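Architecture and fold: a report
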Amino acid sequence: MPSYRDLRQPAVTAVRLLAVAAVYLAAGRLGLLLQVVVAGAKVTPLWPPTGIAVTCLLLFGLGMWPGVALGAFLVIITSGPPHLGSIGIVAGNTLAPVAACLMLHRAGFRIELDRLRDGVALVFLGAFGGMLISSSVGTASLILDGSLPAEDFWSTWSAWWTGDAMGVLVFTPLLLALRTVRLPTAPGPWDWVEPTLLLAGTAAVTVIATSTTLSLLFLVFPFLIWAALRFQLLGAAPCVLLVSVLTVAAATDHAGPFGHHGLVADMVMLQLLNGCAALTGLLLSAIIAEQRNTYQRIEQACIQLAEVVHRLAPSEATAGLLPPEDGSRR
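Residues numbered from 1 in each chain as written. Predicted model: local features only at pLDDT ≥ 70, side-chain atom pairs only at ≥ 80, totals over all residues. Heavy atoms only, no water.

1. Section: the environment of A22
Relative to the assigned elements, A22 resides in helix α1 (residues 4–32). Considered as a pair, A22 and V75 are 53 residues apart in the sequence and their alpha carbons are 9.8 Å apart. (Helix = DSSP H or I, 4+ residues; strand = E, 2+ residues; numbered from the N terminus.)

Below you can see the structure in the form of C-alpha cells.
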C-alpha cells in the first residue's frame, strides 16, 4: 500500500506546476501592457515571464517545464485567438528557459550569485544565449504561419530576443535575491532610511531623465553603483527593475528622450540603457559579494589558526619546549 509520502509527492508537484503556470500567466499579462509593434508583430521590450521561468527551473528543477509551457499557452489564448504559429511560440518559450538552465548547470552556476563567474554565466548563457531559442523559434513560427513577412525577420527577431534577454537579466536576479531577504533583528533608523532613499532617488532620477528631451539617462548609474556597493544584489536588483520599467513605459509612450526618434532607434536606445543598467548592477554586486566572501574565509582561517596556536602553546610549555613561567631553567 503506498505511503502518505508517496501520495503527497505527486500532489505537491502538481500544485507547483499550476503555481508556475499561474505566475507565468500573470507576468505575461503585465508584460503585454508594454508591448510595441515592430514590423507588424507585437513584442515587448521587457518580457518578465522569461525571468520567472528561468528562476522556477533553477529553484525547483527542470521538471517544472510543463508549468512553463502551460503558462505560455495561457498567455497566448488569453491575448487573442490562437493560430498555427502559437505552437512554435509555446515551444520556443519553453525550450529557451530549459536550455538556459542546462547551460547554467553545466557552468557550475550557483543561485546565490555571490561570484563573478555566476553573474557572467547568467548574462551570457542564461540571458543572451538561452533566449536565442525563443526569439528564433517564435519569429520563424510567425513567418511560417504567414503572420509576418519574411523580410521583417531580423527586426522582429532582434526586438524579441532583447525583450526575452532583459526579462532574465532584470527578474531572475531579483527573484533569486528575494530568497535571501531577512528582516534585521534590531533595526536602527538608518537600516530603513538608506534603502528608502536609494529606491526613491532611483525612481525620481529615472522619471526626471525620461521626462526631458535632454540626455540625462546616465544619471541612474550612480544610484545603481550605490545599491550594489551597499546591499549587493538585494539592493541592485530592485533598482534595476525600477529603471527598466520606467524607461520602457517612457519609450512606449514616446516621451522624453524617446520622443524624437523612430521606433527602431528608440528600441536600440532603450535596450542599451536597460542592458547596461542590468549588467552594472548584477556584475558589480557579484564582485562585491565575492570579495566579502573571500574576506570572511580569510578571517575564519585566521581565527582557526589562532585557536590551534593557543592549544599548542600550553602543551609545548609542559613538554619543556618553552621556559617555565618563573623564569628558571633546567
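After presenting the structure, the write-up continues.
2. Some remarks on the packing of helix α2 (residues 48–60) against helix α4 (residues 85–106)
For the pair α2 and α4, interaxial distance at closest approach is 9 Å and the crossing angle is 50°. Relative to α4, the element α2 is oriented oblique. At the point where α2 passes α4, the crossing takes the right-handed sense. Residues A53, V54, L57 and L58 of α2 form the contact with α4, whose participating residues are P97, V98, A100, C101, L104 and H105. (Axes fitted to C-alpha atoms, helices over the stretch in contact; angles between N-to-C directions. Parallel < 35°, antiparallel > 145°, perpendicular 65-115°, else oblique. Left-handed = near helix turned anticlockwise from the far one by under 90°. Contact = heavy atoms within 4.5 Å.)

3. Quick look at the UniProt feature "transmembrane region" (unreviewed entry) in the protein chain
Using the residue numbers shown here, the UniProt feature "transmembrane region" (unreviewed entry) corresponds to residues 12–32, 52–77, 84–107, 119–144, 198–226, 233–252 and 272–289. Along residues 198–226 one finds 66% helix and 0% strand; the C-alpha atoms at either end are 8 Å apart. Overall, residues 272–289 shows 100% helix and 0% strand. The separation of its end C-alpha atoms is 25 Å. (UniProt positions renumbered as here; feature names shortened; annotations may be inferred.)

4. Section: the environment of A140
Tracing the chain through its elements places A140 in helix α6 (residues 131–145). For the pair A140 and W157, spaced 17 residues apart in sequence, the C-alpha separation works out to 8.7 Å.

5. Regarding the packing of aromatic side chains
Evaluated as defined, the whole model comprises six aromatic pairs. Ring geometry for F153 and W154: centres 5.0 Å apart, planes at 85°, overall edge-to-face. Where W154 meets W157, the ring centres are 5.6 Å apart and the plane angle is 75°; that geometry is what we call edge-to-face. You can see W154 and its partner W157 sitting in helix α7 (residues 153–178), three residues apart, about one turn around the helix. Given the relative accessible area of 61%, W154 is considered exposed. (Phe/Tyr/Trp six-rings, centres within 6.5 Å; stacked < 30°, edge-to-face > 60°. Buried < 20%, exposed > 50% of the residue type's maximum accessible area, 1.4 Å probe, protein only.)

6. Considerations on α7
Taking 1.5 Å per residue, 26 residues should reach 38 Å; α7 reaches 37 Å between its end C-alpha atoms and fits that length. Residue F171 marks the point of greatest curvature in α7, where the axis turns by about 25°; the proline P173 follows within four residues. Summarising burial for α7: 20 of the 26 residues are buried, a large majority. (Expected span 1.5 Å × (residues − 1). Bend = angle between axes of the 7 residues up to and from the residue.)

7. Observations concerning helix α8 (residues 189–209)
The first and last C-alpha atoms of α8 sit 30 Å apart over 21 residues, in line with the 30 Å expected at 1.5 Å per residue. Its buried side turned inward, α8 meets α9 (220–252).

8. Focus: a nonpolar patch on the surface
Together, L18, L70, F73 and I77 line one region of the surface with nonpolar side chains, adding up to about 340 Å² of accessible area. Here the nonpolar patch gets three residues from one element, more than from any other, and that element is helix α3 (residues 65–79). Counting through the fold element by element, I77 comes out in helix α3. (Patch = residues over 30% accessible without salt bridge, like charges linked within 9 Å, V, L, I, M, F, W, Y side chains within 5 Å. Areas by Shrake-Rupley, 256 points an atom, 1.4 Å probe, with all protein chains shown as cover. Salt bridge = Lys/Arg side-chain N within 4 Å of Asp/Glu carboxyl O.)

9. Details of the nonpolar core
Counting 73 residues, the largest nonpolar core has Y24, V54, L58, F109, L113 and L122 as the members making the most contacts within it. The leading source of residues in this core is α9, at 14 residues. The residues contacting L113, other than those within four sequence positions of it, are D118, G119, L122, P173, L176, L233, L282 and A286. (Core = buried A, V, L, I, M, F, W, Y, C linked by side-chain atoms within 4.5 Å.)

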